[in-house]
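A closer look at the structure
So you can see what is in the structure, the chains are spelled out below.
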Amino acid sequence: MRSSLRPGLKPVSILYWLMALAATAFFLFPIYWMASSSLKSDLDVGTYPPVWLFTPSLHSYEQLFKEMGALDALWNSCFIVGISTCLAMMAGTLAAYALARFDVSGKNVLAFEVLSIRMLPPIVSVIPLFIIAKQLGIFDTPWLLIACYTLSGLPFVVWVMRVFIQEIPQSIEEAALIDGCSHFQAFWRITLPLLLPGLAATMVIVFMFAWNEFLLASILTSREAKTLPVIAANAIKPKAISFGLASAAGVLMSLPVVVLVLMMQRYLVRGLTLGAVKG
Amino acid sequence: MSVDLSNVYKRFGNFTAVNGVSVKVEDGEFFCMLGPSGCGKTTTLRMVAGLELPTEGRINIHGRDVTYEEPRHRDIAMAFQDYGLYPHMSVFHNIEFPLKIRKVSATERRRKVVETAERLGISEFLGRKPGQLSGGQRQRVSLARALVRNPRVFLMDEPLSNLDAKLRASMRAEIKKLVSTLGITTIYVTHDQVEAMAMADRIAVMSKGDMVQIASPLQIYDRPRTQFVADFIGSPAMNMFPAAMQKAGRITCSLQPFADALPAEERNRAPQVADSGGQLLVGIRPEKMTLGAVGGRHAVDASIEFIEPLGQTTNVYVDAGGQRFVVVADRVTEKAGDRVGVYAEPEHLRLVATQQVNSRGLGNA
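Residues numbered from 1 in each chain as written. Chains lettered and ligands numbered in written order. Predicted model: local features only at pLDDT ≥ 70, side-chain atom pairs only at ≥ 80, totals over all residues.

1. Concerning the interface of chain B and chain A
Frequently, the measure chosen for interface size is the accessible area removed from exposure when the parts meet. Contact with chain B, which involves 21 residues of that partner, is made by 17 residues of chain A. Of all the secondary structure elements, the ones that give two or more residues to the side of chain B that touches chain A are β6 (76–79) and α2 (91–101) of chain B. Grouping the amino acids of the side of chain B that touches chain A by side-chain chemistry returns 15 nonpolar, three polar and three charged. (Contact = placed C-beta atoms within 7 Å. Helix = DSSP H or I, 4+ residues; strand = E, 2+ residues; numbered from the N terminus. Nonpolar A, V, L, I, M, F, W, Y, C, P; charged D, E, K, R; others polar.)

Shown next as structure tokens:
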């Protein structure tokens, strides 16, 4: 009697389990394929029907680091994306706070102006950016991409964080002001801890945008400031696509994002569902 | 510590939220600002707290001009309608927070938090988060956080309006007892006249940014200055009948027997109460009227429309030639449709100003 009530044994539950399993397999398969291809030899990678059992080899990775300069690109990517994400988060959150809390005249126009950066397709701005960067002498330096990524991340941060901040009842901050905090202390000690889930969710998304960005990185860099997506694209050669190399680059590119998401997991679930703060 | 507002205005664009309010709240006084929503009472309180800055006027706390001071330099505490508790901190840390910001030592903090929590009966919840408490418990925590640092002035913005009726009544008594024991100057904002009447030493009735009348609860009940105050205080509201002051000093009223019954002392006030067109109102509280025989001296003949027996009292709704009003009696034997004579106790008949009168022209008692 009791065992028949256990949810695991109901036929419907088994069906759900199977469906969930199928969905997971469907979404995981490309990742498995990428990871396994990166460990295959050049010969195995292109065979049809595909080889399921093979002797793993690290030669794609070796090629990636030795011939393609992936280590420099990895460092560039981390440096550029790390700094631009931090800058966009800091400036964007403070701007969002001002837009959400202070009586700024014409703040809706201002917020729309910020958003309008996002409306411009990057391809439109890339040639002018190239010319300006050349003239300023910052072409092929990390600073150029840092500036570009910060700018393109800002509108997203401002708009999303504005909603998160508005979700926090103003009386909580006012209570802090009355309890003896300055405006900055109230923000730092009360508002910021409550914003953490939102900050984490926003940060991961801004990081991923910048991490995967290819167009600007390919045109505004030539050698010194190359980022990972550019290196990964180099695996596609004029005559043939080196699938093993491309897969190895793919794995390398995915790793930091996976690590970041795992680290932020605790906040992400709450942050992505909004309304995380209730008095 | 007294709080002194002089000629304080607050404008938001073209809208005037607070229209030149002047009042002095005395040391240790329980002062209530009462009015419907949008009358400027909360804005006034927020200006005292420093959460809004006045457009014009000065605010003094204990003789020191704090008009443009930050809230933290005013030595005030505040309880909010939605409690304003920090959701990420435990009850203990919530109460401790104002002491921590003021860099009080850890042992002293602990002692004060425990002591205050005990006084408010929330000792057992110290480890919980605000989200795990009921409305009444949260309000206690917010009171504890306000009281833990012995503030000079305690501001409360409708602290009981999110609680159910029964809890509200008991918290009302508790708050009143607490602040009067501690002797803290308290400014309390509410839209609930019963709350204001029960707790306040003095009430300011506010309407459209003006303090229409400032007086003790009973004075406001017995002698409302304007139609607005008379309408707002008391349930059922005061009965009011349109009247006019004639040139010879005679007062005519839509129900003349009531005007005729006015005592001389009240009659002499007519010139101050009447508006520029000589219009005013004759008012009387429903419980100061009695039902009797038809045709008596100073009686108004009326027919009973319907009766509400409430147990303790009975509301009798009557119609006297198109003038509808209510009489509150103990128990009645009359039935709907009966003809009765309605008598007003002469010493309780009042002259009340119509709303057109500029309230500030009346001065404050």
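2. Quick word on the sheet that holds strand β13 (residues 279–284) of chain B
Backbone hydrogen bonds hold the strands of a sheet together, and the pairing may be parallel or antiparallel. Residue and element names in this part refer to chain B. One open sheet accounts for four strands, arranged β12-β11-β13-β19; its pairing is antiparallel. Two strands bound the open sheet, and with one partner strand each, they are β12 (251–253) and β19 (350–352). When the angles between neighbouring strand axes are averaged without regard to direction, this sheet yields 40 degrees. In terms of strand pairing, β13 meets β19 through three bridges, oriented antiparallel. Paired with Leu281 across the bridge in β19 is Val352. (Pairing = 2+ DSSP bridges. Axes fitted to C-alpha atoms, helices over the stretch in contact; angles between N-to-C directions.)

3. A few points about the sheet that holds strand β3 (residues 30–34) of chain B
All names here are of chain B. The six strands lie next to each other as β6-β7-β8-β3-β9-β10, forming an open sheet whose pairing is mixed. Each edge of the open sheet is held by one strand with a lone partner, namely β6 and β10 (210–215). Averaged over all pairs of adjacent strands, the angle between their axes in this sheet comes to 20 degrees, without regard to strand direction. Of the pairings in the sheet, the one linking strand β9 (residues 202–207) to β10 comprises five bridges and is antiparallel in character. Bridge pairing links Ile203 to Ala215 in β10.

4. As for the confidence of the model for chain A
Residue and element names in this part refer to chain A. Averaged over chain A, the pLDDT score is 88; the fraction of residues at 70 or greater is 93%. Confidence, read as mean pLDDT per element, is least for helix α1 (residues 2–5) in chain A (49) and greatest for helix α5 (residues 70–101) (94). This model gives residues 275–279 a pLDDT under 50, and the stretch forms 17 contacts once residues within four places in sequence are excluded. (pLDDT = per-residue confidence, 0-100.)

5. As for unusual backbone geometry
Following Tyr48 of chain A, the chain continues to Pro49 of chain A via a peptide bond in cis, the omega torsion being -5 degrees. Note the cis peptide between Ser235 of chain B and Pro236 of chain B, where omega equals 0 degrees. Here Pro236 of chain B lies in the loop between α8 (227–232) and β11 (239–245). Phi is positive for Asn7 of chain B, close to 55 degrees, though the residue is something other than glycine. By the secondary structure assignment, Asn7 of chain B is in strand β1 (residues 3–12). The exposed category is assigned to Asn7 of chain B, around which 11 C-beta atoms lie within 10 Å. (Buried ≥ 20, exposed ≤ 12 C-beta atoms within 10 Å, placed from the backbone.)

6. With respect to the packing of helix α9 (residues 170–178) of chain A against helix α10 (residues 183–212) of chain A
Residue and element names in this part refer to chain A. At a minimum axis distance of 10 Å, the contact between α9 and α10 shows a crossing angle of 135 degrees. In this view, α9 runs oblique relative to α10, as classed from their interaxial angle. α9 and α10 meet at a crossing whose hand is right-handed. Here Ile172, Glu173, Ala176 and Leu177 of α9 lie close against α10, whose contacting residues are Ala186, Arg189, Ile190 and Thr191. Taken together, the residues of the contact of α9 with α10 break down into five nonpolar, one polar and two charged. (Parallel < 35°, antiparallel > 145°, perpendicular 65-115°, else oblique. Left-handed = near helix turned anticlockwise from the far one by under 90°.)

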